[in-house]
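Chain by chain, the residues:
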Amino acid sequence: MSVYEIRDMAIQIDGKRLVEDVNITVEPGKCTAIIGASGSGKSLTCLTPFGLTPGTASGSIKLDGIELASANAREMHLARSRYTGFVFQQPLTALTPHLTIGKQLQEATSQAGPQRLSRQELALMLERVGLSRADERLDQFPHRLSGGERQRVMIAAAIAHQPKLLIADEPTSALDASLRGEIMALLDGLRVEHGLATLLVSHDIASVENHSDDLIVMDQGRVIESGPTVDIITNPQRDYTKRLIAATPRLTEPAPVLPVVGDILMEAEDTTVLFPRPGWRQGKIEAVADASLSVREGEAVAIVGGSGSGKSTLGRAVAGIGPLTSGTIKWQAELLPERRERSLAMRKLIQPVFQDPVASLNPRWKVGDIVLEPLRNLSPELSSPERNNKLAQALDDVGLGPEYIDRVSTSLSGGQAQRVAIARAIIAGPKMLVLDEATSALDPLVGGAILQLLAELQRAHRLSIIFITHDIASARRLCHRIVVLDAGHVVEMGAMAEVVENPKASVTKLLIEASKR
Amino acid sequence: MTAIPTLLVIILASFFLMRLAPGGPFDGERPLPPETQAALQAAYGLDKPLWEQAWLYVSRLVQGDFGPSLVYRDFTVSELVAQGLPISLTLGGLAILLALLMGISGGLYAAARAGKTADKTIMTLATIATALPTFVTGPALALCFGLWWGLLPVSGTGEGWSWLIMPVVALALPVSGAVAKLTRAGLATVLKQDHIRTARARGLSETTIMFKHGLRPALVPVASYLGPAAAGLLTGAVVVETVFGLPGLGRYFVQGALNRDYPLVLGVVTLYAALIILFNLFADLIYGWLDPRMRDE
């Protein structure tokens, strides 16, 4: 007997059909996962039947006997408060900021009836989802908890009223890589223990393949493939599914053949970055402590670590776009001064690409102006036709045609925007790129294509690359060497193959485990 | 932490600005003989260098001595303030309460019916209320309720509390309009946020969602408006007290300024400034209650 059954569902927003022909069955104690790129309609599919999106759903949507497509207010109230629990993507914002954890748990418990739990019972609920110091947490406000802790609270609240169906919309996407496995394992355990029917939504096929019984692949509002997860992963039928599986970097895939490296280009020694503590407190925060690394010509070096490990700060200090408290940075044995004192020729050498492509492009500028900006500043001697030649060349290098020159940056997709950001970075002819989580915010298919593009550019221009990421599997597709950072200190460094094969530091082991998912 | 220096700067600035204005406290229609003038000046220390006078004033103020009034010769400034302050505080306090009550409930109702007629009507009324100055609404109220319909006393403090109604309403109207707009805008932002979706997913009613999960964070802009609004209510009270003939602080403030009664004006300014600073501190405390995240910033 299935708990939740969707037959021939379609979803409309403002008269536009965004989702069509969706069939989903979820059984008690089983997990059905919906996979798709952003915009594929997967979140709409799981939230619209409960009236949590602006859309309206038609077709047949049966939740334990209630027909949600034609439910009245009382039935909808019942469906939300009794039968279903929700876990959302953003644990940072999904909890009410001015209510304590205890109050929100109490509310979640009483949604199915006017029962009140004692403090001990509430604390026990938090312990069951793996939160330490549970009693103390009850009086805390959500912002005092970390992202992972908040997601545990969300899960505790979602199952507090003993629902039959749990809907988890990208429950781990916003979390640190090393936490994702733990949260998925928690969901697995609760599902089995309580016999919960689980509907899981994710853009990342690798994150659900070991945690779901059935898989539904969506693309552009339609289900293009569905069936048992094992069958789809081992034997995908549709081309889109095959590409989706291939695009996700895995540590089990054969190591790529990387270009030959030359002499040492850049050497950073004893890099230290201190930040003042916020507020009135005295002292400094040591974001990066005595980190040393070198990069050769044509070599890609990965800087990996969890969030807050100092990997971005180190990358920015090296690239000359962030603060540097002490230490030396040499370029071909010549000392590079502090960022503001670098000459135009020095600034040209290293160019950055950031994580959020849309946020890192000026929304009011056209693509042509965005890409040309470094050239205008760094090579003012060029004539206008020379500049336009370089613009066309740079766009061509990143796989964009000349028709993009007049596009406004807000009209671009995430992948297109990241290509524009890369074109902007390479147009002035740099020797080295610093890529800060350049593929992390992108869908796997798009991110995979960007990794491919970077590998091509690396070969064609003999570019050196510093690749900052939390995902070792992505880094392995591009990088010769790896530097692992933890709490600002370099804890491990070596050839990529060796470190992946035989990790020494516990952080490295954790990150490798997270990359296996 | 910055309250004391701020207060000191305000006092000194007012002290010197007032002395820049021509005339003095003893310039009557009939000029006094020069000897009398000089004697009076000496008696009140006005013949000393300006810096010394400022220093003397501040050092007395620290001991709680606001000095004598130069025009109401038999009274000290403290005595005059003690007469006017209770009336002004009652007026201002009630006006703030009324403004918050009308503004927040209006904003809530409008947000609950966003885009509908009720919403548009309330927002239009709020704009009008904000735009109308008290010297227009005050006399208009007095004309309607006092003179034509004879429901409420037009002037003075009279018996009971009915004399408070019109001044309080006149004072509260502009503030309530602004509060309604801020509440409505705050709710529009907050009701789109993720935690509201979480609350909705729990099957809570829209009313519960609005009051329990939405209202408090939505009132943050109202709290930041409260400090300056308190200032507006206190200084705005000058007009209202004049219109309704109430013996509040405002009257002494205006007359003191016209008569060049230096200690009286300085005393009232000090009091106003202290109250405004106090209100701003209070608003900061309210922030922390409305959104606990701000306590850690």
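Residues numbered from 1 in each chain as written. Chains lettered and ligands numbered in written order. Predicted model: local features only at pLDDT ≥ 70, side-chain atom pairs only at ≥ 80, totals over all residues. Heavy atoms only, no water.

All right, on to the sheet that holds strand β19 (residues 481-486) of chain A then. By definition, the strands of a sheet pair up through backbone hydrogen bonds, in either a parallel or an antiparallel sense. Residues and elements named next belong to chain A. Taken in spatial order, the 6 strands make up an open sheet running β16-β17-β18-β13-β19-β20, and their pairing is mixed. Of all the strands in the sheet, the pair left with one neighbour each is β16 (350-353) and β20 (489-495). Averaged over all pairs of adjacent strands, the angle between their axes in this sheet comes to 15°, without regard to strand direction. Where strand β13 (residues 300-304) lies against β19, 4 bridges are found, and the strand directions are parallel. Within β19, the position partnered with Ile303 by the bridge is Val483. (Pairing = 2+ DSSP bridges. Helix = DSSP H or I, 4+ residues; strand = E, 2+ residues; numbered from the N terminus. Axes fitted to C-alpha atoms, helices over the stretch in contact; angles between N-to-C directions.)

We now examine the pattern of salt bridges. A complete count under the given rule lists 26 salt bridges over all chains for this structure. A salt bridge links Glu107(A) to Lys212(B); the nearest nitrogen and oxygen atoms lie 2.8 Å apart. Of this pair, Glu107(A) sits in helix α3 (residues 101-110) while Lys212(B) sits in helix α9 (residues 206-218), each in a different chain. Overall, Lys212(B) belongs to the partly exposed group, its relative accessible area being 32%. When the shortest N-O distance is used, the salt bridge between Asp135(A) and Arg119(A) registers 3.1 Å. One end of the pair, Asp135(A), is in helix α5 (residues 134-137); the other, Arg119(A), is in helix α4 (residues 119-128), with 16 residues separating them in the sequence. Relative accessible area serves as the criterion here: at 42%, Asp135(A) is assigned to the partly exposed category. Given the relative accessible area of 35%, Arg119(A) is considered partly exposed. Connected through salt bridges with shared partners, the residues Arg17(A), Glu20(A), Asp21(A) and Arg222(A) form a single ionic network. (Salt bridge = Lys/Arg side-chain N within 4 Å of Asp/Glu carboxyl O. Buried < 20%, exposed > 50% of the residue type's maximum accessible area, 1.4 Å probe, protein only.)

Across all of its chains, the model carries 8 aromatic pairs over all chains by this definition. Centroid distance Phe86(A) to Phe88(A): 5.9 Å. Interplanar angle 5°. Geometry classified as stacked. One exposure class covers both Phe86(A) and Phe88(A), and it is buried. The interplanar angle of 80° and the centroid separation of 5.4 Å between the aromatic rings of Phe15(B) and Phe16(B) together place this pair among those described as edge-to-face. In this structure Phe15(B) comes out as buried when scored by relative accessible area, which is 5%. For Phe16(B), a relative accessible area of 23% gives the class partly exposed. Three or more aromatic residues joined by ring pairs make a cluster, and in this case those are Tyr4(A), Phe50(A), Phe86(A) and Phe88(A). Cation over ring: Arg197(B) sits above Phe88(A), and NZ or CZ is 4.0 Å from the ring centre. (Phe/Tyr/Trp six-rings, centres within 6.5 Å; stacked < 30°, edge-to-face > 60°. Lys NZ or Arg CZ within 6 Å of the ring centre and 35° of its normal.)

Walk down a regular strand and you will see the side chains alternate between the two sheet faces. Residues and elements named next belong to chain A. Along β19, 5 of the 6 residues are buried, which leaves the element largely enclosed by surrounding structure. Both β19 and β20 contribute to a ladder of 6 bridges, which runs antiparallel. Opposite Arg481, over in β20, you have Ala495 as the bridge partner. A loop of 2 residues connects β19 with β20, the two strands running antiparallel in sequence, and Ala487 in this loop sits at a positive phi of about 50°.

This part takes up the interface of chain B and chain A. One frequently used descriptor of interface size is the decrease in accessible area upon assembly of the parts. Each partner contributes residues to the interface: chain B has 20 residues there, and chain A has 24 residues. For the pair chain B and chain A, the summed buried area comes to about 2,100 Å², and 54% of that belongs to carbon and sulfur atoms. A per-residue breakdown of the area chain B buries against chain A is headed by Arg197(B), Ala201(B) and Arg202(B), which together make up 31% of the total. The partner of Arg202(B) in a salt bridge is Glu107(A), and the shortest N-O contact between them spans 2.8 Å. Taken together, the links from chain B to chain A amount to 11 residue pairs in polar contact (both at pLDDT 80 or more). (Contact = heavy atoms within 4.5 Å. Buried area = accessible area lost by both parts, 1.4 Å probe. Polar contact = N/O pair within 3.5 Å; in protein donor to acceptor, adjacent residues only side chain to side chain.)

Attention shifts here to the packing of helix α10 (residues 239-247) of chain A against helix α16 (residues 444-461) of chain A. Helix packing for two helices is described by the angle between their axes and how far apart those axes are. All names here are of chain A. One can describe the packing of α10 onto α16 by two numbers: an axis separation of 8 Å at closest approach and a directional angle of 60°. When the interaxial angle is binned, α10 and α16 end up oblique. Every pair of crossing elements has a handedness; the one defined by α10 and α16 is left-handed. When α10 is examined against α16, the residues Tyr240, Arg243, Leu244 and Ala247 are found in contact with a partner set consisting of Pro444, Leu445 and Gly448. Here the residues of the contact of α10 with α16 sort into 5 nonpolar, 1 polar and 1 charged. (Parallel < 35°, antiparallel > 145°, perpendicular 65-115°, else oblique. Left-handed = near helix turned anticlockwise from the far one by under 90°. Nonpolar A, V, L, I, M, F, W, Y, C, P; charged D, E, K, R; others polar.)

With 9 bridges joining them, strand β11 (residues 264-276) of chain A and strand β12 (residues 284-296) of chain A adopt antiparallel strand pairing. Within β12(A), the position partnered with Thr271(A) by the bridge is Ala291(A).

Residue and element names in this part refer to chain A. What the domain assignment lists for chain A is domain 1 (4-247) and domain 2 (261-341 + 464-517). A straight line from the C-alpha centre of domain 1 to that of domain 2 covers 36 Å. The interface is formed by 10 residues belonging to domain 1 together with 7 residues belonging to domain 2. For the pairing of domain 1 and domain 2, the buried interface totals around 710 Å² over both sides, and the portion due to carbon and sulfur atoms is 47%. On the domain 1 side of the interface with domain 2, the three residues burying the most area are Asp176, Ala177 and Ser178, jointly 50% of the side's total. Summed over the shared surface of domain 1 and domain 2, the result is 2 residue pairs in polar contact (both at pLDDT 80 or more). (Domains from an automatic or database assignment.)

Okay, the nonpolar core next. Residue and element names in this part refer to chain A. In terms of nonpolar packing, the biggest core is built from 80 residues, with Tyr4, Phe50, Leu63, Leu68, Leu126 and Leu165 touching the most fellow members. The greatest single-element share of this core, amounting to 7 residues, is contributed by helix α6 (residues 147-159). Setting aside its immediate chain neighbours within four residues, Phe50 contacts Tyr4, Leu63, Leu68, Met76, Ala79, Arg80, Thr84, Phe86, Leu165 and Ile167. By size, the runner-up hydrophobic cluster in this structure holds 55 residues, among which are Val367, Val420, Ala455 and Met496. (Core = buried A, V, L, I, M, F, W, Y, C linked by side-chain atoms within 4.5 Å.)

With that settled, consider the sheet that holds β11(A). Residue and element names in this part refer to chain A. Ordered in space as β12-β11-β14-β15, the 4 strands form an open sheet in which the pairing is antiparallel. The open sheet has two edge strands, β12 and β15 (334-336), and neither has a second partner. Pairs of neighbouring strands in the sheet enclose a mean axial angle of 25°, with direction left out of account. Strands β11, β12 and β14 (326-331) of the sheet are contacted by helix α11 (residues 311-319), whose axis makes an angle of about 120° with β11.

Residue and element names in this part refer to chain A. One can describe the packing of helix α15 (residues 414-426) onto α16 by two numbers: an axis separation of 10 Å at closest approach and a directional angle of 20°. In terms of their interaxial angle, α15 and α16 are classed as roughly parallel. Here α15 runs over α16; the crossing is right-handed. Residue-level inspection shows Gly415, Gln418, Arg419, Ile422 and Ile426 of α15 in contact with α16, the latter providing Val446, Ala449, Ile450, Leu453, Leu454 and Leu457. Looking at the contact of α15 with α16 residue by residue, the class counts come to 8 nonpolar, 2 polar and 1 charged.

Attention now goes to helix α14 (residues 384-397) of chain A. All names here are of chain A. Between its first and last C-alpha, α14 extends 20 Å over 14 residues, near the 20 Å set by a 1.5 Å rise per residue. Buried within α14 we find Arg387, Leu391, Ala394 and Leu395. Along the long axis of α14, the arc covered by the buried residues comes to 95°, so they all point the same way. Exposed residues lying more than 90 degrees from the buried face of α14 are Pro385, Asn389 and Asp396. Each element contacted by the buried residues of α14 is listed here: α13 (367-378) and α15. (Expected span 1.5 Å × (residues − 1). Arc of directions from axis to C-beta.)

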